[in-house]
Amino acid sequence: MASRDRSRQKSPKSSQPPAVQVNLEDIDSHWPPVEKLADETEAQRAERLEREREAKRVNDEIDHAIELEKHERRKRKADVKIILLGQAESGKSTILRNFQLKFTPASFHAEVEAWRAVIDLNLVRSVTFLLGLLNEGAQVPPMPEEGQLLPLTVITDDLRRLRVRLSPLRNIEDSLARFLSPDDPSHAAPTPSWLSERAFEVSVRSGSKWKSLFSRKSSSSKVEMQGFEEVKNARRVIEACKEDVMELWAHPAIRASLVEQNVALEFQSGFFLDEVERIAAPGYEPSPVDVLKARIQTVGVEEHLLKMETSAELGQQWAIIDVGGSRGMRAAWVPYFDDVNVLVFLAPVSAFNQTLAEDRTVNRLWDSFLLWKSVCSNKLLKDVSFILLLNKYDILDAKLKSGIQFRHFVTSYRDRKNDTESVMIYMKDKFATIYRQYSASQRPMHVHVTCATDSTATSLVLARIREVIFTGNFERADLL
């Protein structure tokens, strides 16, 4: 509801119709309008007026709900407000889970069962993605786009056997996706004859209550209980397919095809194929590391209210705003800049050899630079503490050690060493230079190198963020 309200306040200029002069005295205050349209019968007029009354009733209900939400927000004003910014797949949601693990551990562990369903879906989608490589006779586009895989030209008998034995996972994929995101029709889309690396993304719309479903099973509706049975059935099928999944992932033809097409699934979020023996075992319970690795994409903007459980902040309420990082979502960021204490910007340093999903001509690292410039120059954030997280350091290190040349994708790097330390020095200098040139004020900037799936190292970074928050609060109270 809130996003709808904000979109009313400020919509893109490109979508505005040409200006029209209107005489207010000519506008009839009666609703619905009573004038008769040309060639409209009395029955048609009555039907039209009824539709307009119903539309107004629905609109009034929406407006009332928005006002109630505003009122509730004012009543529950958070002690600390943090906003997470960065492009899609930069690690914002993973950092949010780290906040929950460190500051609200009891709540974090209470959601483990919900995350098991996400991990199961991550795993199943990885498997069905690989099964797509076994799509014999597929019609392949003459010039596949970047990130799209071509099916194997030769399918051996053992691969055909695995394809048949693992075929039930396609139905399991649909069941899990439908349960976690019932309002998203995309999960039911047929598997294309050529594949994308992003084919096993798990998306839920903002406001989705998928986690809360698992905390109230005893009072769930009959439809939801049926969904829980499907989730349980999915787990049984995954356990039964464990050996076949392991064999498929280890198959030389599958591995060779991925290498030949320059695809490293192990660098993708939500990758669990290397841990099937543990994850597909009966009685599996996700560890905190599993939850941090799980991939689920929120479509929209979500405000997470954390009631702090740690001694220093006990009882405080922190609001963490997690915004969508895709290009289409960035126009909706500005309304969330009000009353922000800390801005955490995540830049995925490992994305230097990747392009945006929305525009394959734009390098993701270059997009991060431009996005950082835009955020730094925003005057609404001139009094906000900035924290820059150079995230996915571990993947960057693995890519460089595998022989991928950073300078091939970032020409300004020239002939410097192709090692992680040298590349990180370049990254820090580049982001710091942009900050100095375009910052709306002379506020300090705090930079940290992170691997968001490493909870121990990230915990230390979060402790530093807490220090920044406390220092800012003291300064605003004139105590420093």
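Computed from a predicted structure; not experimentally measured. (Residues numbered from 1 in each chain as written. Predicted model: local features only at pLDDT ≥ 70, side-chain atom pairs only at ≥ 80, totals over all residues. Heavy atoms only, no water.)

Asker: Talk me through the pattern of salt bridges; I want residue IDs and the actual numbers.
Answerer: This structure, assessed with the given rule, holds 25 salt bridges. Put simply, arginine 235 and aspartate 120 hold a salt bridge, and the shortest N to O gap is 2.6 Å. Remark: aspartate 120 occurs in helix α5 (residues 112-131) and arginine 235 occurs in helix α9 (residues 222-240); sequence separation between them is 115 residues. On the basis of relative accessible area, arginine 235 is assigned to the buried category, the value being 9%. Across the salt bridge formed by arginine 165 and aspartate 244, the nearest N and O atoms sit 2.8 Å from each other. (Salt bridge = Lys/Arg side-chain N within 4 Å of Asp/Glu carboxyl O. Helix = DSSP H or I, 4+ residues; strand = E, 2+ residues; numbered from the N terminus. Buried < 20%, exposed > 50% of the residue type's maximum accessible area, 1.4 Å probe, protein only.)

Asker: Please give an account of the sheet that holds strand β7 (residues 317-322) that cites residues and values.
Answerer: With respect to topology, six strands assemble into an open sheet ordered β6-β7-β1-β8-β9-β10, the strand pairing being mixed. Edge positions in the sheet fall to β6 (302-307) and β10 (445-449), since each of these pairs with one other strand and no more. Pairs of neighbouring strands in the sheet enclose a mean axial angle of 20°, with direction left out of account. In the sheet, strand β8 (residues 342-348) pairs with strand β9 (residues 385-391) via seven bridges, with the strands oriented parallel. What sits directly across from leucine 346, in β9, is leucine 389. Contacts from helix α16 (residues 420-438) reach β8, β9 and β10 within the one sheet, and its direction differs from that of β9 by about 155°. (Pairing = 2+ DSSP bridges. Axes fitted to C-alpha atoms, helices over the stretch in contact; angles between N-to-C directions. Contact = heavy atoms within 4.5 Å.)

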